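Structure assessment
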Amino acid sequence: MSFKMQRVHLFHAEVEDKPGGTAAKLKKLAEAGAHLEYVYSQRSLTKAGVGDLYVAPLHGNGELAAARAAGLHEVGEPIVMRVEGDDKAGLGGRVTQAWEMAGINLHGLVMSVVGGKFIGYATFDSVADANKAATILAELGTA
């Protein structure tokens, strides 16, 4: 069983919490040819009428210019790692339990399975936790 885990470089913008708030930002990226693999949005917990939008990846000058025009900028937090590999029954439980035993507190986790492969995005509280999680994942992949 093998796994691949890599850091996701996120771009963030605040969006209006109303119909079309997120769509307006994504439209500018689509027009620039962006092929997004990660889109996450949620209402702000601290600002009424505002939401947060995170996207990745963005490549090239055209996509980066469109991102700036849409009010997006690269952010260092949250720490998001893309995880992928072959699916196996109980895998999510084994991985998260191993991370728990190492004292890693997940900020968030989304995982899906399609065609015998899994892909997920794990959000960590620190780079140190993300690195520790990657090491554990590598060890599980060789077990």
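Here's a quick rundown of the structure. Since we're looking at a predicted model, the values are computed, not measured.

Time to look at the overall build of the chain. In terms of helices and strands, the chain carries four helices and six strands. A total of 143 residues make up the chain; the buried ones form 35% of that total. Long-range pairs, those at least 24 residues apart, make up 71% of the contacts in the chain with a sequence separation of at least 6. Accessible surface computed for the chain: about 8,300 Å², of which carbon and sulfur atoms make up 53%. Where the 14 positive side-chain charges of the chain centre and where its 16 negative ones centre are 4 Å apart.

The subject of this paragraph is the environment of Val-83. Inspection of the secondary structure puts Val-83 in strand S4 (residues 73–86). Looking at Val-83, the relative accessible area reads 3%, which means it is buried. In this structure, Val-83 is in contact with Lys-4, Met-5, Phe-118, Ile-119, Gly-120 and Leu-137, ignoring residues within four places of it in sequence.

Once that is clear, we can look at the nonpolar core. In terms of nonpolar packing, the biggest core is built from 16 residues, with Met-5, Trp-99, Ile-104, Phe-124, Ala-133 and Leu-137 touching the most fellow members. Among the elements of the structure, strand S1 (3–16), S4, helix H3 (91–101), strand S6 (117–124) and helix H4 (127–142) are those that each provide at least two residues to this core. With four residues, the top contributor of residues to this core is H4. Residue contacts for Met-5: discarding those within four places in its chain leaves Met-81, Arg-82, Val-83, Trp-99, Phe-124, Ala-130, Ala-133, Ala-134 and Leu-137.

With an omega of -15°, the peptide bond between Ala-56 and Pro-57 qualifies as cis. With respect to the element layout, Pro-57 can be found in the loop between strand S3 (50–56) and helix H2 (60–69). Here Glu-77 and Pro-78 are connected by a cis peptide whose omega angle stands at 5°. Position of Pro-78 relative to the elements: it lies in strand S4.

Our focus in this paragraph is the environment of Ala-34. Within the fold, Ala-34 resides in the loop between helix H1 (21–31) and strand S2 (38–43). With residues near it in sequence (within four places) discarded, Ala-34 still touches Leu-29, Leu-58 and Glu-63.

Turning to the sheet that holds S2, a few remarks are in order. Across the sheet, six strands lie side by side as S2-S3-S1-S4-S6-S5; this open sheet has antiparallel pairing. Either end of the sheet is taken by a strand with one partner, and the two such strands are S2 and strand S5 (106–114). Averaged over all adjacent pairs, the angle separating strand axes in this sheet is 25°, with direction ignored. Packing of H1 onto the sheet brings it into contact with S1, S2 and S3, and relative to S1 it is tilted by some 120°.

Let us now look at the pairing of S6. With respect to burial, S6 is a largely interior element, six of its eight residues being buried. Note that S5 and S6 share eight bridges and pair antiparallel. By the bridge assignment for S6, Val-110 is matched with Tyr-121. Following S5, the chain reverses through two residues before pairing antiparallel with S6; Gly-115 in that reversal takes a positive phi of roughly 55°.

The rules behind each value
All residue numbers refer to positions counted from 1 along the written sequence of the respective chain. pLDDT decides what is reported in this predicted model: residues at 70 or higher carry local features, side-chain atom pairs at 80 or more are listed and counted, and totals for whole chains, interfaces and linings draw on all residues regardless. Processing note: side-chain calculations cover all non-hydrogen atoms of the structure and skip hydrogens and water entirely. Working definition: helices are DSSP H or I runs of at least four residues, strands are E runs of at least two. Numbering for both runs from the N terminus. To sort residues, take the accessible area from a 1.4 Å probe on protein chains only and compare it with the maximum for the residue type: under 20% means buried, over 50% means exposed, and anything in between is partly exposed. Contacts are assigned to residue pairs with any non-hydrogen atoms lying within 4.5 Å of each other. A 1.4 Å probe and the Shrake-Rupley method give the accessible areas. Residues count as covered only by the protein chains that appear here. Positive: Lys, Arg. Negative: Asp, Glu. His and the chain ends are not part of the count. By convention, charge coordinates are those of NZ in Lys, CZ in Arg, CG in Asp, or CD in Glu. Joining through side-chain atoms within 4.5 Å is the link that ties buried Ala, Val, Leu, Ile, Met, Phe, Trp, Tyr and Cys residues into a set, and such a set is a nonpolar core. In short, DSSP must find at least two bridges between two strands for them to pair. Only the stretch in contact is used when a helix axis is fitted, and all axes are lines through C-alpha atoms; the angle between N-to-C directions ranges over 0 to 180 degrees.

What is shown is where atoms sit, not what they do.
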